[in-house]
Amino acid sequence: MVVPCYNEVDNITASYEEIVEELGDLDLEVIYVDDGSADGSLDIIRGLTEQDPRVGFISFTRNFGFEAAFSAGYRYAAQPWVLHIDADQQFPAAEARVLIDEAQQGYDAVFGVRTNRQDPLLRRWGTAVFHHLAQRVLRVEIPRGATAFRLVRTDLARRVVDLELGTPYFMATVPRLTSRYTTVAVGHRARERGESKVGFRFLASHAVELFVGFTRRLPGVAAGLALGTAALCGLLAVAAGTGVIGGAAVPAALFVVLAVLTAVLAVGVRYLVTVGAGQPRPRQFYIRETSLHDRVDPADLLLDERPVAPQPRRAEVTS
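About the criteria used
- Throughout, a residue's number is its position along its own chain's written sequence, starting from 1.
- Two thresholds apply to this predicted model, a pLDDT of at least 70 for residue-level local features and 80 or more for giving and counting side-chain atom pairs, whereas whole-chain, interface and lining totals are computed over all residues.
- The basis for the side-chain values is all heavy atoms of the structure; hydrogens and waters are excluded.
- A run of H or I in DSSP counts as a helix once it spans at least four residues, and a run of E counts as a strand once it spans at least two, with each numbered from the N terminus.
- Partly exposed describes any residue whose relative accessible area lies between the buried limit of under 20% and the exposed limit of over 50%, with all areas from a 1.4 Å probe on protein chains only and scaled to the type maximum.
- Using a 1.4 Å probe, accessible areas were evaluated by the Shrake-Rupley method; residue-level cover was limited to the displayed protein chains.
- Between N or O atoms, a polar contact is any pair within 3.5 Å; within protein, one atom must be a potential hydrogen donor and the other a potential acceptor, and residues adjacent in sequence are included only when both atoms are from side chains.
- Here a residue-residue contact requires only that any non-hydrogen atoms of the pair lie within 4.5 Å.
- The axes are straight lines fitted to the C-alpha atoms, using for helices just the contacting stretch, and the angles between their N-to-C directions are given from 0 to 180°.
- Under this scheme an angle from 65 to 115 degrees is roughly perpendicular, one under 35 degrees roughly parallel, and one over 145 degrees roughly antiparallel; angles in between are oblique.
- Here the term charged refers only to Asp, Glu, Lys and Arg, the term nonpolar to Ala, Val, Leu, Ile, Met, Phe, Trp, Tyr, Cys and Pro, and the term polar to all other amino acids, Gly among them.
- A clockwise turn of the near helix away from the far one marks a right-handed crossing, whereas an anticlockwise turn of less than a right angle marks a left-handed crossing.
- Take the buried residues of types Ala, Val, Leu, Ile, Met, Phe, Trp, Tyr and Cys, join any two whose side-chain atoms come within 4.5 Å, and each joined set is a nonpolar core.
- To obtain the arc, one takes the directions from the helix axis to the C-beta atoms.
- Throughout this description, the term salt bridge denotes a Lys or Arg side-chain nitrogen within 4 Å of a carboxyl oxygen of Asp or Glu.

Asker: With reference to specific residues and values, describe the overall build of the protein chain.
Answerer: Broken down by element type, the protein chain carries 10 helices and 8 strands. Every one of the 319 residues in the protein chain was classed for burial, and the buried ones make up 40%. Element-wise, carbon and sulfur atoms account for 58% of the exposed surface of the protein chain, whose accessible area totals about 17300 Å².

Asker: So what about unusual backbone geometry? Which residues, and what values?
Answerer: In this model, Asn7 sits at a positive phi of 55°, which is unusual for a non-glycine residue. Within the fold, Asn7 resides in the loop between β1 (2-5) and α1 (12-23). A positive phi angle is found at Glu164, which is not glycine, with a value near 50°. Following the sequence through the fold, Glu164 ends up in the loop between α6 (154-162) and α7 (170-177).

Asker: Just give me the short version of the side chain of Glu18, but keep the residues and values in it.
Answerer: Its location among the elements puts Glu18 in helix α1. According to the relative accessible area criterion, Glu18 is buried, its value standing at 14%. Looking at Glu18, its side chain comes within polar contact range of the main-chain nitrogen of Ala93, at 3.5 Å. Once residues lying within four places of it in the same chain are set aside, the contact partners of Glu18 are Gln89, Pro92, Ala93 and Arg189.

Asker: With reference to specific residues and values, describe the packing of α1 against helix α2 (residues 41-51).
Answerer: The contact between α1 and α2 brings their axes to 10 Å, and the two run at 30°. Here α1 lies roughly parallel to α2, going by the angle between them. Each of Ile12, Thr13 and Tyr16 in α1 lies in contact with α2, whose residues at this interface are Ser41, Ile44, Ile45, Leu48 and Gln51. Classifying every residue of the contact of α1 with α2 gives 5 nonpolar, 3 polar and no charged.

Asker: Any details on the packing of α6 against α7? Residues and values, ideally.
Answerer: With their axes 10 Å apart at the nearest point, α6 and α7 run at an angle of 110° to one another. In this view, α6 runs roughly perpendicular relative to α7, as classed from their interaxial angle. You can see that α6 and α7 cross each other, and the crossing is right-handed. Residues Leu156, Ala157, Arg159 and Val160 of α6 form the contact with α7, whose participating residues are Phe170, Thr173, Val174 and Leu177. When its residues are assigned to classes, the contact of α6 with α7 shows 6 nonpolar, 1 polar and 1 charged.

Asker: Tell me about the nonpolar core, and please be specific about residues and values.
Answerer: If you look at the biggest cluster of nonpolar residues, it comprises 36 residues, and the most contacted ones within it are Ile58, Phe60, Tyr74, Phe111, Phe170, Val174 and Ile287. At 6 residues, helix α3 (residues 66-76) tops the list of elements feeding residues into this core. Ile58 has contacts with Ile31, Tyr32, Val33, Asp34, Ala72, Tyr76, Ile287, Glu289, Thr290 and Leu292, leaving out every residue within four places of it along the chain. Judged by nonpolar contacts, the second largest core, of 28 residues, contains Ile12, Leu23, Leu83 and Val186.

Asker: Any chance you could break down α2 for me, citing the residues and the numbers?
Answerer: Structurally, the α-helix is built with 3.6 residues per turn, so residues lying three or four positions apart point the same way. Within the span of α2, buried status applies to Ser41, Leu42, Ile45, Leu48 and Thr49. All buried residues of α2 project into a common sector of 115° when viewed along the axis, lining one side. Away from its buried face by more than 90 degrees, α2 exposes Asp43, Glu50 and Gln51. Close packing links the buried residues of α2 with β1, α1, β2 (30-34), β3 (55-60) and β8 (287-290).

Asker: Residue-level account of the pattern of salt bridges, with values.
Answerer: Inspection of the entire model under this criterion finds 12 salt bridges. The shortest N-O distance in the salt bridge between Asp43 and Arg46 comes to 2.7 Å. Of the two residues, Asp43 and Arg46 are both situated in helix α2; the distance of 3 residues between them amounts to about one turn of the helix. According to the relative accessible area criterion, Asp43 is exposed, its value standing at 52%. A salt bridge links Arg75 to Asp300; the nearest nitrogen and oxygen atoms lie 3.0 Å apart. Pair noted here: Arg75 is in helix α3 and Asp300 is in the segment after β8, with a separation of 225 residues, a long-range link. Of the residues examined, Asp300 reaches a relative accessible area of 0% and is grouped as buried.

Next up, the structure:
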């Protein structure tokens, strides 16, 4: 189980207790990924690691974001399956059984879909618009209604993470690697403690990364608009030169043309940003502290502070 958390000091102990109570009969490894928390979350996680050998942790050097947090957990999970559940407890741990049962039908990934979603209305509407644009308009293949509450073969999850895409988006990458994925309805509940870290800025940024990184329809539309606008400019020039139009019509038409070209330019600039993101850059995350010393790649450590075995003392030579 991978449990990303950022400033979830009020939820970590409760999430651990629920996981153990509901799923403790399974062969569990629980990896908490601390995404640069500043509220004491790491202290509680260290305590859980000391009291339960099934618990491990990864702590980042700073806040790298949600995608980086679960990616670290996926990369260093030791079990053959990864179950992703957030620390906010909005997905009951018991619902993991539903994902597990479905995975036994031969799937590589099973995504939970919220029933009776307990989130603010604006966020629910935003998600609905996002999925409509992604799937219906831009034709991006993502599991319909899928959430971060998911069960994935570890080899597949690790393969997605190791692609190191300039605009990583896990749910849109899985369908590019396998067709054996599905969704299943799971329960959902309101957050009881702490504040949600998912705001408009996060959702908008995540949506742009998906729209730019996983479809060619958007640049196609932009190119079509550019060509159409160029043709319109030519017609306006001819019409103005022959006296067919004049007066206020010409400036108005020019403002329309300018608006369209500005929109096209914005799309083009965003794609240039995406191209730049694919160039050499820092790693997706850096780890400051971890209990998983035996498996963490030194390249993911900002400072390699892994325990070093003491060197045997040389015997003194006496004469």
